[in-house]
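# A look at the structure
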Amino acid sequence: MYAVLPLGLRVLNKLINLVENEMETIGAQKISLPALTSTALWKRTDRFESNQSELFKVQDRHNKQYILSPTYEETICDLIASVGGLSPKVLPLKLYQISNKWRDEMKPRLGFLRSKEFVMKDLYTFDTTLENAQETYELICNAYDNILKKIGITFKKAIGDTGTIGGLISHEYHYATDIGEDIICSCSSCQYSINKVVCNDSHCPKCNNTLVEQHTAEVGHTFLLDTKYTKPLKAVYRMPNHKVLPLAMGCFGLGLSRIFTVAAEILSTNDELRWPKCIAPYTVCVIPPKTGSKEDPASQYIDHILGILNQLNIDAVLDDRTQLTIGNRFILSRITGFPYIIVIGRSAMKSPPLFEIHNINDSTNCEITLESIHNYFNTEINKS
């Protein structure tokens, strides 16, 4: 279990904001479900007995038993059922939440990859028919593609194992990393990918090329469930003739704390923490001169630089620990994980004044004038 400190929370919140924007684009609505779920619901779907070893169970004063929810299929279906038969006019219904989830891991390890408490976005969709649910399924998968493309780290979408969730179709989203505990079998020719757990062949079924194995970490999982949960929990819709039928359902998970962990693992070096630019705690760190140094008069440019970054809507932090040398603060900034560092140093005393800009993720740097800072970052933003 982990405490997330201020800069880490900024990273997580930026990731959440990115996800929420994409969810809004596809018409998904955000909700909040209770952490506790009655074990009676899990028994109705035959999941309680088979998953007991990974569930945190609690009992209230009336001897009613609950679990700390690792996932919410039963809870959301119970909520839908409590409303009564839905009108087809409100479908497809897409409801999601971003919250902490819990599982009693046998061997917690690898940070957030295998932890007792983690942050996940879970989305549940409801349609009238399986055919309509498949269309919604593709819509959500495209949204997941967009989210991971914006983060900017190469990912693989693979045919997955339905596992304890179940359903008709399952896909997984993976990042390639040595710390990953999954193995994905992929074709370099047609990009076909499948989890080794459900792979029964050494050759691609699409083009017959040899499949290559790769260690990966799963960060997302999608399931086309049909009526697996809606039928036993009576989550239904009402037809014009008043007949009620079980809703066709899909569920979609995105491990935000996993993305948080694996992104840093993939991008960072032994000496530097590196984040994708779009979720870094601050995009730019500005380092002014040390107080009393020969370069101290160049501090007059601080407001100009911050003003330019503000015009570009770039979030910047000023390292005002001016009792420390520029060199010390530069090292600390690299360790902290700011993609860009602007140094107001010796070159700022020249005519015209020049400012060092370090692109940490690309390991490049340059010196430019004050007037060129706007164009530099405008170009970098468009590249991203």
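These numbers were taken from a predicted model, which means no experiment stands behind them.

Our next topic: the sheet that holds strand S19 (residues 364–369). Strand order in the open sheet made by the five strands is S16-S15-S17-S18-S19, with mixed pairing throughout. If you trace the sheet from one side to the other, it starts and ends with strand S16 (316–318) and S19, each paired once. Averaged over all pairs of adjacent strands, the angle between strand axes in this sheet comes to 20°, irrespective of strand direction. Bridge analysis of strand S15 (residues 284–287) against S16 gives three bridges, and the strand direction is parallel. Following the sheet pairing, Val286 is matched in S16 by Leu318. Running over the sheet, helix H7 (residues 302–311) touches S15, S16, strand S17 (340–343) and strand S18 (354–359) and is turned about 170° from S15.

Once that is clear, we can look at a nonpolar patch on the surface. Taken together, the side chains of Ile331, Leu332 and Ile335 make up a nonpolar region of the molecular surface, amounting to roughly 250 Å² of accessible area. Structurally, Ile335 can be placed in helix H8 (residues 326–336).

Further remarks concern the state of the cysteines. Scanning the model with the defined rule gives zero disulfides in all. For Cys141, which is in no disulfide, the shortest distance to another cysteine sulfur is to Cys251 and amounts to 11 Å. Cys141 gets classed as buried once you look at its relative accessible area, which sits at 0%. The cysteine Cys207 is free of any disulfide, with Cys187 supplying the nearest cysteine sulfur at 3.4 Å.

We now examine the packing of aromatic side chains. A full pass over the atoms with the stated rule returns 11 aromatic pairs. Measuring from centroid to centroid gives 5.6 Å for Tyr137 and Phe252, while their planes differ by 45°, and the two rings are tilted. Of this pair, Tyr137 sits in helix H5 (residues 130–151) while Phe252 sits in strand S14 (residues 248–255), and the two are 115 residues apart along the sequence. When sorted by exposure, Tyr137 lands in the same class as Phe252, which is buried. Centroid distance Phe155 to Tyr173: 6.1 Å. Interplanar angle 40°. Geometry classified as tilted. Separated by 18 residues along the polypeptide, Phe155 in strand S7 (residues 155–159) and Tyr173 in strand S8 (residues 169–176) bring together distant segments of the chain. Both residues of the pair, Phe155 and Tyr173, belong to the buried class. In textbook terms, an aromatic cluster arises when at least three aromatic residues are bridged by ring pairs, as seen for Tyr2, Phe112, Phe260 and Trp275.

Positionally, Thr322 belongs in the loop between S16 and H8. A polar contact is formed between the side chain of Thr322 and the side chain of Thr291, at a distance of 2.8 Å. The residues contacting Thr322, other than those within four sequence positions of it, are Pro288, Pro289, Lys290, Thr291 and Arg329.

Further remarks concern H8. All buried positions along H8 are accounted for by Ile326, Arg329, Phe330 and Ser333. The buried residues of H8 occupy one face: seen down the axis, they fall within an arc of 105°. Buried residues belonging to H8 abut S15, S17 and S18. Once H8 ends, the next one or two residues include Gly337, with phi positive near 105°.

One pass over the structure, following the stated rule, counts 17 salt bridges. Across the pair Asp319 and Arg321 runs a salt bridge whose closest N-O atoms are separated by 2.8 Å. By relative accessible area, which is 6% here, Asp319 ends up buried. Judged by its relative accessible area of 35%, Arg321 is partly exposed.

What counts and what doesn't
- Residues numbered from 1 in each chain as written.
- Predicted model: local features only at pLDDT ≥ 70, side-chain atom pairs only at ≥ 80, totals over all residues.
- Heavy atoms only, no water.
- Pairing = 2+ DSSP bridges.
- Helix = DSSP H or I, 4+ residues; strand = E, 2+ residues; numbered from the N terminus.
- Axes fitted to C-alpha atoms, helices over the stretch in contact; angles between N-to-C directions.
- Contact = heavy atoms within 4.5 Å.
- Patch = residues over 30% accessible without salt bridge, like charges linked within 9 Å, V, L, I, M, F, W, Y side chains within 5 Å.
- Areas by Shrake-Rupley, 256 points an atom, 1.4 Å probe, with all protein chains shown as cover.
- Salt bridge = Lys/Arg side-chain N within 4 Å of Asp/Glu carboxyl O.
- Disulfide = S-S within 2.5 Å.
- Buried < 20%, exposed > 50% of the residue type's maximum accessible area, 1.4 Å probe, protein only.
- Phe/Tyr/Trp six-rings, centres within 6.5 Å; stacked < 30°, edge-to-face > 60°.
- Polar contact = N/O pair within 3.5 Å; in protein donor to acceptor, adjacent residues only side chain to side chain.
- Arc of directions from axis to C-beta.

None of this, on its own, says anything about what the molecule does.
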